[in-house]
Amino acid sequence: MDWSQWQLLDSILPTGGFAHSFGLEAAIQARIVSTPDELRTHLIHLLENTASLLLPFVHSATTNPSADNLRKLDALLDATLSNEVSRKASTSQGSALMRVAASVFTEIPSLKTTRDACLTSNFHFHHAPVFGLICGLLGMDPKTSQRGYLFITLRDSISAATRLNLVGPLGAAVLQHQVAAIAETILKQWADRPVEEACQTSPLLDTFQGFHSYLFSRLFCS
């Protein structure tokens, strides 16, 4: 991986990922997740659901990083996500990622032209296909892009758990290292699949995210 590819995965890139808990905040308030062991189980289910539902879109966009393919994937994913909270989270992170990438990676002019063209059309900027497109234009291979997507999902969700006081910083680092091996197994199971095979493996996560907006008090957007 070169410097630009590393930067895409860097948490300092201001894409808004840390504003979302991936349903964890709602799960904590519902007393579904209240211990580090339950958090570990939640993270595994989250990674499985992310891999089965979103990695096909990352893979397709990486292998064919064109504006036409991005529009097709964006429309398909928008129709697939029936949960309003998760849909808004996806589009807000995707639009921020596209804006930042177009401003940072100026050596790839197609990023800006693609973004400008999409702004003038009925485009949603869903996060998974936008991430895959950028990975493809940066020269990242499909397997690495899919591994990177699982990495940022795990990183951001554990960060949310830390801010929700479910686990401390050191415990979070240990947990991330432990779950990484499971994440690699999940990647091998779901990598390189076509978008026609995208599916949810944990509908309960979708339920958590769905009632996040009804929480009386909340720290995260989703």
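- The chain appears in an unreviewed UniProt entry as Urease accessory protein F from Linum tenue.

## Thoughts on the overall build of the chain
Okay, so step 1: Scanning the chain from N- to C-terminus turns up 10 helices and zero strands.
Okay, so step 2: Scanning the chain from its N terminus toward the C terminus, one meets helices and strands in the order α-α-α-α-α-α-α-α-α-α.
Okay, so step 3: Taken against the 2.2 N^0.38 rule, which gives 17 Å for 222 residues, the C-alpha radius of gyration of the chain at 17 Å falls within 12% of a compact globule.
Okay, so step 4: Considering only C-alpha atoms, the chain reaches an extent of 45 × 35 × 30 Å along its principal axes.
Okay, so step 5: Split into buried and exposed, the 222 residues of the chain put 50% on the buried side.
Okay, so step 6: Long-range pairs, those at least 24 residues apart, make up 81% of the contacts in the chain between residues at least 6 apart in sequence.
Okay, so step 7: Accessible surface, the chain as shown: approximately 10200 Å² in total, 57% of it carbon and sulfur.

## So, the pattern of salt bridges
Okay, so step 1: Within the structure shown, the criterion is met by seven salt bridges.
Okay, so step 2: Where K112 meets D116, a salt bridge forms, and the shortest distance between an N and an O atom there is 2.9 Å. Residue K112 and its partner D116 are both found in helix α6 (residues 109–119); the two are separated by four residues, about one turn of the helix.
Okay, so step 3: Taking the relative accessible area as the measure of exposure, K112 reaches 49% and is therefore partly exposed.
Okay, so step 4: A salt bridge links R193 to E197; its shortest N-O distance comes to 3.3 Å.
Okay, so step 5: Looking at R193, the relative accessible area reads 26%, which means it is partly exposed.
Okay, so step 6: By sharing partners, the salt bridges in this structure join D78, E84 and R87 into a single network.

## Let's talk about the side chain of H127
Okay, so step 1: Examined against the element boundaries, H127 turns out to sit in helix α7 (residues 127–137).
Okay, so step 2: Among all residues touching H127, those that are not within four sequence positions of it are S90, Q93, G94, L97, Y149 and I152.

## Quick notes on the nonpolar core
General note: in soluble globular proteins, nonpolar side chains tend to be found buried as a group.
Okay, so step 1: Counting 62 residues, the largest nonpolar core has L8, L39, L111, F131, I134 and Y149 as its most contacted members.
Okay, so step 2: Broken down by element, this core gets its largest block of residues, 11 residues, from helix α3 (residues 36–63).
Okay, so step 3: In contact with F131, other than residues within four places in its own chain, are L8, L9, V58, L97, S145, G148, Y149 and I152.

## Let's talk about the packing of α3 against α7
Okay, so step 1: Between α3 and α7, the least distance of the axes is 7 Å, while the angle of their chain directions is 35°. Considering only the axes of α3 and α7, their crossing is right-handed. Facing L54, F57, V58, A61 and T62 of α3, the residues of α7 in contact are A128, P129, F131, G132, L133, C135 and G136.
Okay, so step 2: In terms of residue class, the contact of α3 with α7 is made up of nine nonpolar, three polar and no charged.

Definitions and cut-offs
Residues numbered from 1 in each chain as written. Predicted model: local features only at pLDDT ≥ 70, side-chain atom pairs only at ≥ 80, totals over all residues. Heavy atoms only, no water. Helix = DSSP H or I, 4+ residues; strand = E, 2+ residues; numbered from the N terminus. Rg over C-alpha atoms; globule rule 2.2 N^0.38 Å. Buried < 20%, exposed > 50% of the residue type's maximum accessible area, 1.4 Å probe, protein only. Contact = heavy atoms within 4.5 Å. Areas by Shrake-Rupley, 256 points an atom, 1.4 Å probe, with all protein chains shown as cover. Salt bridge = Lys/Arg side-chain N within 4 Å of Asp/Glu carboxyl O. Core = buried A, V, L, I, M, F, W, Y, C linked by side-chain atoms within 4.5 Å. Axes fitted to C-alpha atoms, helices over the stretch in contact; angles between N-to-C directions. Left-handed = near helix turned anticlockwise from the far one by under 90°. Nonpolar A, V, L, I, M, F, W, Y, C, P; charged D, E, K, R; others polar.

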